[in-house]
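Examination of the molecular architecture
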Amino acid sequence: MTTPIYTVASGKGGVGKTSLVINLCHILAAEGKKVLLLDADFGLANADVQLALAPEVDLAQVISGKIGLGKAVTTVTKNFDLIAGRSGNNELAFMAGLEQQEILTQLRALSVNYDVVFLDAAAGLDATTLALCTAGDKTLLITTPDPSSITDAYAVVKLLKQRQGVENCALVINQASKNEGARVAEKVQAACKNFLDVDVPLLAVLPADKQYAMAVKLQSVAAVAFPACDVVGDLKVLAGKLV
Ligand SMILES: Nc1ncnc2c1ncn2[C@@H]1O[C@H](COP(=O)(O)OP(=O)(O)OP(=O)(O)O)[C@@H](O)[C@H]1O
Ligand SMILES: [Mg+2]
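1. Details of the overall build of the protein chain
Helix and strand content of the protein chain: 11 helices and eight strands. Its C-alpha atoms give the protein chain a radius of gyration of 17 Å, near enough to 18 Å, the size a compact globule of 243 residues would have. The principal-axis extents of the C-alpha atoms in the protein chain amount to approximately 50 × 40 × 35 Å. Taking all 243 residues of the protein chain together, the buried fraction comes to 45%. The long-range fraction of contacts in the protein chain, counting pairs at least 24 apart against all pairs at least 6 apart in sequence, stands at 76%.

Below you can see the structure in the form of structure tokens.
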């Protein structure tokens, strides 16, 4: 069986992609799954910051041709590997399409060493983000109940369908109560079905949680620092649906 590659995307920024994927990686690694996270927010990479790491190798060295992707891996913890980006790096921020394709080709090859691979995409809808969503097997589309976040999530589904011919999104509603999350999901699903004829299954509704936010501020990870908090329980259920 080929290793699933999930691209985490949102349209709108700051909805919780990076912290969510880092928590998922920790949860899956603790369950014995081999996990690789690639920081694909090429211009403003910060998965390493949220993990309080200072990687010695990163994607900038891959792009400059110094090392292959396999040599750019930093061990976060047992079973959890990171390929870090480098924030503000000119070559990464303005990488050509061919270079992106080369990274994705190398990533597919590397993925055989893992049970699951995650790409943490940048906010926005540029060609790179769409290419990452297309290259992955599934796009985890994160939205909050904020109307502009919902609109942007719909825009991702629309552009993926219209530009790339791809229908691979599944929804995660973040920072919402169960009722509110269900309502948001219905709204997105109805628009996607009616206007695009695309089904977007709902994978999870995650509550807003003070301890989760505190963990991000402390450059810690809720799944490690506050394993009993509500979001972590829901993330464990989500993790079980992915691998
Ligand atoms: N469920 C939650 N409960 C409380 N706070 C949350 C939750 N999810 C995300 N946050 C907060 O939202 C902020 C943004 O989170 P994060 O950096 O993960 O978002 P992002 O989508 O990766 O942002 P960007 O688009 O800039 O990459 C953080 O301060 C984080 O603590
Ligand atoms: Mg992020």
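So that's the structure; there's more coming.
2. With respect to the pairing of strand S3 (residues 73-77)
One face of the sheet, then the other: side chains in a regular strand alternate in exactly this way. Where S3 lies against strand S4 (residues 80-83), four bridges are found, and the strand directions are antiparallel. The partner of threonine 74 across the bridge, within S4, is leucine 82. Here S3 folds back onto S4, and the loop between the two strands holds two residues, one of which, asparagine 79, carries a positive phi near 75 degrees.

3. Examining the sheet that holds strand S5 (residues 116-121)
Spatial strand order, S3-S4-S2-S5-S1-S6-S7-S8: eight strands in an open sheet with mixed pairing. In this open sheet, the two strands that pair with only one neighbour each are S3 and strand S8 (202-206). Averaged over all adjacent pairs, the angle separating strand axes in this sheet is 25 degrees, with direction ignored. As judged from the four bridges shared by strand S7 (residues 169-174) and S8, these two strands associate in the parallel manner. Across the sheet, the residue bridging to valine 172 is alanine 204, located in S8. Contacting strand S1 (5-9), strand S2 (35-40), S3, S4, S5, strand S6 (138-143) and S7, helix H1 (residues 17-30) runs over the sheet at an angle of about 165 degrees to S5. Seen against the sheet, helix H6 (residues 127-135) touches S1, S2, S5 and S6 and runs at an angle of roughly 150 degrees to S1.

4. Description of the nonpolar core
Val8, Leu24, Cys25 and Phe118 are the most contacted members of the largest nonpolar core, which has 78 residues in total. Broken down by element, this core gets its largest block of residues, eight residues, from H1. In this structure valine 8 touches Lys17, Leu20, Val21, Phe118, Leu119, Asp120, Ala121, Leu140 and Ile142, once residues within four positions along its chain are discounted.

5. Some points on helix H8 (residues 178-196)
The terminal C-alpha atoms of H8 lie 26 Å apart, and with 19 residues this matches the ideal 27 Å at 1.5 Å per residue to within 8%. Along its buried surface, H8 packs onto S6, helix H7 (147-164), S7 and S8. Aspartate 197 sits one or two residues past H8 and shows a positive phi near 55 degrees.

6. Let's talk about unusual backbone geometry
Of note in this structure, asparagine 79 is not a glycine but carries a positive phi near 75 degrees. Along the chain, asparagine 79 falls in the loop between S3 and S4. Given 19 C-beta atoms within a 10 Å radius, asparagine 79 is considered partly exposed.

7. Topic: the environment of asparagine 179
By the secondary structure assignment, asparagine 179 is in helix H8. Note on asparagine 179: 9 C-beta atoms within 10 Å, which makes it exposed. As a C-alpha pair, asparagine 179 and valine 76 span 103 residues in sequence and 36 Å in three-dimensional space.

8. Concerning the pairing of S5
Burial within S5 is extensive, with six of its six residues counted as buried. Pairing geometry for S1 and S5, over four bridges, is parallel. From the neighbouring strand, threonine 7 faces S5, where its bridge partner is leucine 119. Two elements, S2 and S5, share six bridges in a ladder whose sense is parallel. Its bridge partner being in S5, valine 35 is matched across the sheet by valine 116.

9. With respect to the packing of H6 against H7
Following both chains from N to C, one finds H6 and H7 inclined at 80 degrees, their axes separated by 11 Å at the closest point. One finds that H6 runs roughly perpendicular with respect to H7. Together, Leu130, Cys133 and Thr134 of H6 and Leu159, Leu160, Arg163 and Gln164 of H7 make up the contact between the two elements. A breakdown of the residues in the contact of H6 with H7 according to their chemical character gives four nonpolar, two polar and one charged.

Conventions adopted
Residues numbered from 1 in each chain as written. Chains lettered and ligands numbered in written order. Predicted model: local features only at pLDDT ≥ 70, side-chain atom pairs only at ≥ 80, totals over all residues. Helix = DSSP H or I, 4+ residues; strand = E, 2+ residues; numbered from the N terminus. Rg over C-alpha atoms; globule rule 2.2 N^0.38 Å. Buried ≥ 20, exposed ≤ 12 C-beta atoms within 10 Å, placed from the backbone. Contact = placed C-beta atoms within 7 Å. Pairing = 2+ DSSP bridges. Axes fitted to C-alpha atoms, helices over the stretch in contact; angles between N-to-C directions. Core = buried A, V, L, I, M, F, W, Y, C linked by C-beta atoms within 7 Å. Expected span 1.5 Å × (residues − 1). Parallel < 35°, antiparallel > 145°, perpendicular 65-115°, else oblique. Nonpolar A, V, L, I, M, F, W, Y, C, P; charged D, E, K, R; others polar.

Just distances and angles here, no functional claims.
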